[in-house]
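Chains, contacts and geometry: an overview
Here are the chains, one letter per residue:
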Amino acid sequence: MHNLTAHTFLALAEVAQSISESRERNAKIELCTHYFQLLDSENDLQLAAQYLGEGAFPGVSGKRISLGSRTYSTLAAEMCEIDYEEVFKPSKKALGNATETIEKLWANVPEAQAKWSAKNLSLMTVSDLYKELQAASTRIEKQRILAKAWLQMTPLEVKYFLRIMGRSSLRIGLKPEIIESAIAEAFGHRAAEIHYVHMITGSIGETAVLAKNNRLDKACFTLFQPIPFMLTSAVQSKTVEDYSLFVVEEKLDGMRCQLHVLGEKVKIYSRDLSDITSSFPEIVDTFSKKKLPKTVLDGEICIFKDHKILPSQFLQKRIGQKKLSNKSVKELPAIFIAFDVIHYNGDSQFGRQLLERRALLLKLAEQYNIPVTTQQDFKHQEHIETLFNRALAHGSDGLILKHKESNYEYGQLKRPWLKIKKPLDYLITILMYAHAKNRKRGGSYSHYTLGVSVQNDERFEEEFIPIAKAFEGFTHNELERMNERIKEIVAEKYGPTLGLYPEIVIELEFDDIQVNKRTKANYTLRSPRFKA
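Rules used in this analysis
Throughout, residues of each chain are indexed from 1 in the direction in which the sequence is written. Reporting of local features is limited, given that this is a predicted model, to residues whose pLDDT is at least 70; pairs of side-chain atoms are given and counted only at 80 or more, and all residues count toward the totals for whole chains, interfaces and linings. Processing note: side-chain calculations cover all non-hydrogen atoms of the structure and skip hydrogens and water entirely. Each helix corresponds to a stretch of at least 4 residues labelled H or I by DSSP, and each strand to a stretch of at least 2 residues labelled E; elements are numbered beginning at the N terminus. Taken over C-alpha atoms, the radius of gyration is set against a globule rule of 2.2 Å times the number of residues to the power 0.38. A simple rule labels every residue: compare its accessible area, found with a 1.4 Å probe on the protein chains alone, to the largest value its type can have, and call it buried under 20%, exposed over 50%, or partly exposed in between. The contact criterion used throughout is that any non-hydrogen atoms of two residues lie within 4.5 Å. Computed with a 1.4 Å probe, the accessible areas rest on the Shrake-Rupley method; for each residue, only the protein chains presented here act as cover. Residue types Ala, Val, Leu, Ile, Met, Phe, Trp, Tyr and Cys, when buried and joined through side-chain atoms within 4.5 Å, form a set referred to as a nonpolar core. Throughout this description, the term salt bridge denotes a Lys or Arg side-chain nitrogen within 4 Å of a carboxyl oxygen of Asp or Glu. In this description, strands pair whenever DSSP reports at least two bridges between them. Any two rings among Phe, Tyr and Trp, with Trp reduced to its six-membered ring, count as a pair given centres within 6.5 Å; such a pair is stacked if its planes are under 30 degrees apart, edge-to-face if over 60, and tilted if neither. Every axis in this analysis is a line fitted to C-alpha atoms, fitted for helices over the stretch in contact. Angles between the N-to-C directions lie between 0 and 180 degrees. These descriptions rest on fixed angle ranges, namely under 35 degrees for roughly parallel, over 145 for roughly antiparallel, 65 to 115 for roughly perpendicular, and the rest for oblique. Throughout, a crossing is termed right-handed when the near helix is turned clockwise from the far one, and left-handed when it is turned anticlockwise from it by less than a right angle. The classification used treats Ala, Val, Leu, Ile, Met, Phe, Trp, Tyr, Cys and Pro as nonpolar, Asp, Glu, Lys and Arg as charged, and all other residues, Gly among them, as polar. Exposure above 30% relative accessible area and the lack of any salt bridge qualify a residue for a patch; like charges then connect within 9 Å, and the nonpolar side chains Val, Leu, Ile, Met, Phe, Trp and Tyr within 5 Å.

This brings us to the overall build of the protein chain. Scanning the protein chain from terminus to terminus reveals 19 helices and 20 strands. A compact globule built from 532 residues should have a C-alpha radius of gyration of about 24 Å, and the protein chain, at 24 Å, falls within 12% of that. Expressed as lengths along the three principal axes of its C-alpha atoms, the size of the protein chain is roughly 70 × 60 × 50 Å. Expressed as a percentage of the 532 residues in the protein chain, the buried residues total 51%. Long-range pairs, those at least 24 residues apart, make up 68% of the contacts in the protein chain between residues at least 6 apart in sequence. Surface summary for the protein chain: the accessible area is close to 25900 Å², and the carbon and sulfur share equals 48%.

The following block contains the structure:
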């Protein structure tokens, strides 16, 4: 690759594929670094970093492309002139995902080969295509735009065009910190500087441009523009070594959100950075009357009625309404409960330790009458068990353990916030498929598809059907033992996916069951994980 072609979408797709095929973190950083350095245009650099790290649009934009897998899968079958049920779906099952399947079909089916002609589309042209898709309202219109794009793309471009469009992981092992390190190396900065700017701007593309122009000092937090949330890591209480380093809070049974306020103006953002202000008029009304200076709070929205927090199912019932009624607001009143302060009166709090931020939050709570979570110290596991059971009795989800010296950082790089939850229940499942990490043949199999027996259910011809995918809940040693056992029971190989004989039984915990008619089982499990 050289400067003349670096601006093309094909160049980005080739870099993404090379990253996918590289196992070492430093090799991934080097590939990203070299690619970023070749991009002369600020617009191209911003789009390249955005496509690799965020998706079709900046995360803070709130823009989404509403387009399901079936929509583009049926289009692919039509354009390849194959039967969707008889050919596409078995191919997808063999390869493990729709985008990989479409790439292979686009490259190998003669009817498809005759249709496409690579045009070396620029990153900017692809950006325009994403904008068209985002504005389209009907399935037919979206398929027309997709077809127009695919006919000008190589199979590799089609695969990454779809993955970027989906605003989820590219599944190439490219974590945000790798992109940040690449930007730092490409333009001569420290990774910590890049990480901080990325956090306060909420945009990896903007961060890359600021780094290229040596203008990191110009980055500033913008009110009413959400930033990525600090996340928690699920653990068992017994894995905490030094309890004195942490404080504990109850994990409320609600919805995580970020509240931005200045005077009478109030905005509320969900964890995926969507603007959900219109869904909670009573919270807006409450905070608009407080006349706060520039303030950003992190907290939980809960349904609060008769002096108690109701289960989150009531909140989901209210959110699920297309048009919020006054009756719902009255019957299911929502309240915002703060547990952290991110920005106050022109001063960002990211770099301050938890206890400092907590002191400020308590001061604001007293001054402006803001509900906040209860926080306390603990010293031993028995105390944790007592607090955990008390939290469940209160109707909370569990506990959050927070390191006293933790700064506010998005992601979970150092696991400073730990989540201890009680699962809703568990199922006895069979390990059906094992998927290689980063989709490498012969690599470590750390992602699993679990199934349940349906041999006595006349609706199904199969003996087992998939029920969930899980990739957490086991230790490194357990993972090694699992891989040894898996290699002994391989029935079929589908590239980086292994089909297994039904010999490994797994107890699978989960937090909730959700109806999903697009799956064979007609429902999915929320937060599935191996039972400890």
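Next up on the list: the environment of Ile 384. Relative to the helices and strands, Ile 384 is located in helix α18 (residues 381-393). Its relative accessible area of 1% is what places Ile 384 among the buried residues. The spacing of Ile 384 and Leu 399 is 15 residues in sequence and 8.7 Å in space, taken between C-alpha atoms.

Phe 9, Phe 36, Leu 52, Tyr 130, Leu 146, Trp 150 and Phe 161 are the most contacted members of the largest nonpolar core, which totals 95 residues. Other than its neighbours up to four places away in sequence, Phe 161 contacts Phe 9, Val 126, Leu 129, Tyr 130, Leu 133, Leu 146, Ala 149, Trp 150 and Met 153. The next biggest cluster of nonpolar side chains, apart from the first, holds 29 residues, and it includes Ile 276, Ile 303, Leu 332 and Ala 338.

All chains considered together, the criterion is met by 20 salt bridges. For Arg 64, the salt bridge goes to Asp 272, with nearest N and O atoms at 3.8 Å. Here Arg 64 is found in the loop between α3 (42-53) and α4 (69-80), whereas its partner Asp 272 is found in the loop between β4 (265-270) and α14 (281-288), with 208 residues between them in sequence. For Arg 64, a relative accessible area of 24% puts it in the partly exposed group.

Moving on, we come to the pairing of strand β11 (residues 417-421). A large share of β11 lies buried, amounting to four of its five residues. When strand β1 (residues 233-234) meets β11, the two strands line up parallel, connected through two bridges. Among the inter-strand pairings, Ser 233 is bridged to a residue of β11, identified as Leu 418.

Turning to the packing of aromatic side chains, a few remarks are in order. A complete count under the given rule lists 12 aromatic pairs for this structure. A centroid spacing of 5.7 Å and a plane angle of 75° characterise the contact between Tyr 51 and Tyr 130, whose relative ring orientation is edge-to-face. A residue pair is termed long-range when its members are at least 10 positions apart, and Tyr 51 in helix α3 and Tyr 130 in helix α8 (residues 123-135) qualify at 79 residues. Each of the two residues, Tyr 51 as well as Tyr 130, counts as buried. Considering the side-chain rings of Tyr 196 and Phe 350, the 6.1 Å spacing of their centres and the 80° angle between planes classify their relative orientation as edge-to-face.

Once that is clear, we can look at the sheet that holds β11. On the basis of which strands lie adjacent, the open sheet formed by five strands has the order β1-β11-β10-β2-β9 and mixed pairing. At either margin of the open sheet sits one strand with a lone partner, and together these are β1 and β9 (375-377). Across the sheet, helix α17 (residues 354-368) touches β2 (246-251), β9, β10 (398-403) and β11, and the angle it forms with β2 is around 50°. Sitting on the sheet, α18 touches β2, β9, β10 and β11, and the angle it makes with β10 is about 130°.

As a packed pair, α4 and helix α9 (residues 139-150) sit with axes 10 Å apart at the nearest point and diverge in direction by 55°. The pairing of α4 with α9 is recorded here as oblique in orientation. In the packing of α4 onto α9, the handedness of the crossing is right-handed. Listed contacts from α9 to Arg 70, Thr 71, Tyr 72, Thr 74, Leu 75, Ala 76 and Met 79 of α4 are Arg 139, Gln 143, Leu 146, Ala 147 and Trp 150. Across the contact of α4 with α9, the residue classes break down as seven nonpolar, three polar and two charged.

Here we come to the pairing of β4. Bridge analysis of strand β3 (residues 255-263) against β4 gives six bridges, and the strand direction is antiparallel. Each bridged residue has a counterpart across the sheet, and for Leu 259 the counterpart in β4 is Ile 268. Between β3 and the antiparallel strand that follows it, β4, lie one residue.

The subject of this paragraph is a nonpolar patch on the surface. A cluster of nonpolar side chains, contributed by Tyr 426, Ile 428 and Val 505, occupies part of the molecular surface with about 290 Å² of accessible area. Relative to the helices and strands, Val 505 resides in strand β17 (residues 505-510). Using a relative accessible area of 54% as the deciding quantity, one classes Val 505 as exposed.

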